[in-house]
Amino acid sequence: MISTPTWITSTSAEQYHLGNKDNYYQKEGDLGTWQGKGAEILGLDGKPINAEIFKNLLEGKDTTGTNQLVNTKTNKEGKRIRAALDLTFSAPKSVSILYEAALANGDIKLANQIKKIHENAVSKVLKEIEENYAATRITNNGETKLEHTNNLIIAKFTHEIARPIKENEKTIVDPSLHTHALILNMTKVEDKWKAIESKEIFQNYIKMGQFYRNELAAKLKDLGFEIEITDANKGFFEIKGIDKEVLEEFSKRSQQIDILVEKLKKQYPNKSENELRQMAAWKTREWKGEIDRKALLEINKKRFEKVGLNLKKIKKLQKNISYPNSNEIKSK
């Protein structure tokens, strides 16, 4: 799914993706990658994200921080208010569980295949957004109109786990394969950089979420996994064979959010479920510790053993995959 697009400040973007307080996901130097024709103009498309360049672009400056490319609105601290539009792509829970189980049980090849499928699906959706909804507003002779630009600068950060929670004095970290795609608030039209007009992105993000899920489901089927539709209207699905009990066991963070959402519904009756979940996620961001990823894999491996999700079970789930027989190999 794709979360409701959210405008974030340059401060929030830096703290979450670069700062020590919130960046419990990634080790230093392993940030993410750039995408988009706007990024290509700046010589960044496909390259690893550099922290200093990221900070400069968030403020609407060039990659060196020397020149201001876009007029910006700033807060009292001088930081840009609408620095980027955050779209978060989250794999279905069973896909996150399958990825973590493969990684924890040593099937690195399968884990990498699942992660690549997710990231490729995200990239395809972002390309679709860029080609159809990248736009700005142009004013000529007192008349303002929407102009499509077909170029964006997108910073992609892929994470593998959910925010840790405390339960009975224990720290629990659930699998959560997801990507934050930050569409920076700048696009080029003719020889100038301007702020983006995001209206069409907001209008079409649900459709783009369906696009992501369709692409993800198709590629998972190619890997041999069966898909079980959980909501035909919205196109939600899970991996067939990963039981409800397993999903619940590895959804502690979601359960924490669910509880708060029910309380927020009374306070904000006009907000959508998606908006309430985002509010709840922000209100429960209390974790300030660090995660040892190798140690976490060992812990989660034991959790998987308790629910019977070992390599043998994973291979059974992958039952539809077809391998060429000896005659087919010879014919090639």
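Everything quoted here is computed from the prediction, not taken from an experiment.

Participant: So what's going on with the overall build of the chain? Which residues, and what values?
Facilitator: Helix and strand counts for the chain stand at 12 helices and 13 strands. Here the chain holds 332 residues, and 47% of them are scored as buried. Here the analysis covers contacts within the chain between residues at least 6 apart in sequence; of these, 68% occur between residues at least 24 apart. When the accessible surface of the chain is totalled, it reaches about 17,800 Å², and 47% of it is carbon and sulfur.

Participant: Tell me about the packing of aromatic side chains, residues and numbers included.
Facilitator: For the structure on display, the rule yields 4 aromatic pairs. Summarising the aromatic geometry, the rings of F54 and F157 are spaced 5.4 Å apart at their centres and angled 70° between planes, so their arrangement reads as edge-to-face. Of this pair, F54 sits in helix α3 (residues 51–58) while F157 sits in strand β6 (residues 154–161), placing them 103 residues apart in sequence. Looking at F54, the relative accessible area reads 0%, which means it is buried. Seen from their ring centres, F250 and F304 are 4.6 Å apart, and the 25° between their planes marks the pair as stacked. Remark: F304 occurs in helix α10 (residues 293–306) and F250 occurs in the loop between α7 (244–249) and α8 (252–267); sequence separation between them is 54 residues. Here F250 and F304 have matching classes, each one buried. Chaining the aromatic ring pairs together yields one cluster made of W34, F54 and F157.

Participant: An account of the sheet that holds strand β2 (residues 33–35) is requested, with residue identities and associated values reported.
Facilitator: Strand pairing in a sheet relies on backbone hydrogen bonds, with the paired strands running either antiparallel or parallel. Across the sheet, which stays open at both edges, the 5 strands sit in the order β1-β3-β9-β6-β2 with antiparallel pairing between neighbours. If you trace the sheet from one side to the other, it starts and ends with β1 (6–8) and β2, each paired once. The mean angle between the axes of side-by-side strands here comes to 35°, regardless of whether they run parallel or antiparallel. As paired elements, β1 and strand β3 (residues 84–90) share 3 bridges and run antiparallel to each other. Each residue of the ladder has a partner; that of W7, found in β3, is L85. Docked against the sheet, helix α4 (residues 93–104) engages β6 and β9 (175–184), running at close to 115° with respect to β9. Each of β1, β3 and β9 touches helix α6 (residues 199–222); the most contacted strand, β3, lies at about 25° to it.

Participant: With reference to specific residues and values, describe the side chain of R213.
Facilitator: Its place among the elements puts R213 in helix α6. What R213 contacts, discounting residues up to four positions off in sequence, is M1, K234, G235, F236 and F237.

Participant: Give a description of the nonpolar core that names residues and reports values.
Facilitator: One broad trend across soluble globular proteins is that nonpolar side chains are buried collectively. If you look at the biggest cluster of nonpolar residues, it comprises 52 residues, and the most contacted ones within it are L87, F89, I114, I129, I183, Y212 and L220. Ranked by residues supplied to this core, first place goes to helix α5 (residues 108–133) with 10 residues. Apart from residues lying up to four places away in sequence, I183 is in contact with A84, L85, L87, I129, L152, I153, I154, I196 and I201. With 21 residues, the next largest nonpolar core counts I8, A13, L57 and W193 among its residues.

Participant: Describe in detail the pairing of strand β4 (residues 135–140), supporting the description with residues and values.
Facilitator: As judged from the 6 bridges shared by β4 and strand β5 (residues 143–148), these two strands associate in the antiparallel manner. The residue bridging A135 from the neighbouring strand is H148, located in β5.

Participant: Give a description of α5 that names residues and reports values.
Facilitator: For an α-helix, 3.6 residues make a turn, and residues three or four places apart therefore share a direction. In a regular helix each residue adds 1.5 Å, so 26 residues correspond to 38 Å; α5 covers 37 Å between its end C-alpha atoms and thus fits that length. If you check which residues of α5 are buried, you get L110, A111, I114, I117, H118, A121, V122, V125, L126, I129, E130 and Y133.

Participant: Which residues make up the packing of α4 against α10, and what are the values?
Facilitator: Running from N to C, α4 and α10 cross one another at 105°; their axes reach a closest spacing of 9 Å. Our classification of the angle between α4 and α10 gives roughly perpendicular. Contacts from I97, E100, A101, L103 and A104 of α4 reach α10 at R293, L296, L297, N300, K301 and F304. In terms of residue class, the contact of α4 with α10 is made up of 7 nonpolar, 1 polar and 3 charged.

Participant: Can you break down the environment of N75 residue by residue, with the values?
Facilitator: Assignment of secondary structure puts N75 in the loop between α3 and β3. Between the alpha carbons of N75 and T9 there is a distance of 9.1 Å; along the sequence they are 66 residues apart.

Participant: Go over unusual backbone geometry with me, naming the residues and quoting the values.
Facilitator: Trans is the common state for peptide bonds, and a negative phi is the common state for residues other than glycine. If you check the backbone angles, N150 has positive phi at about 60° while not being a glycine. Classification of N150 by relative accessible area gives partly exposed; the value is 33%. You will see that E190, though not glycine, has its phi angle at about 55°, which is positive. Structurally, E190 can be placed in the loop between β10 (187–189) and β11 (192–194). Residue E190 is classed as exposed on the basis of its relative accessible area of 72%.

Cut-offs and rules
Residues numbered from 1 in each chain as written. Predicted model: local features only at pLDDT ≥ 70, side-chain atom pairs only at ≥ 80, totals over all residues. Heavy atoms only, no water. Helix = DSSP H or I, 4+ residues; strand = E, 2+ residues; numbered from the N terminus. Buried < 20%, exposed > 50% of the residue type's maximum accessible area, 1.4 Å probe, protein only. Contact = heavy atoms within 4.5 Å. Areas by Shrake-Rupley, 256 points an atom, 1.4 Å probe, with all protein chains shown as cover. Phe/Tyr/Trp six-rings, centres within 6.5 Å; stacked < 30°, edge-to-face > 60°. Pairing = 2+ DSSP bridges. Axes fitted to C-alpha atoms, helices over the stretch in contact; angles between N-to-C directions. Core = buried A, V, L, I, M, F, W, Y, C linked by side-chain atoms within 4.5 Å. Expected span 1.5 Å × (residues − 1). Parallel < 35°, antiparallel > 145°, perpendicular 65-115°, else oblique. Nonpolar A, V, L, I, M, F, W, Y, C, P; charged D, E, K, R; others polar.

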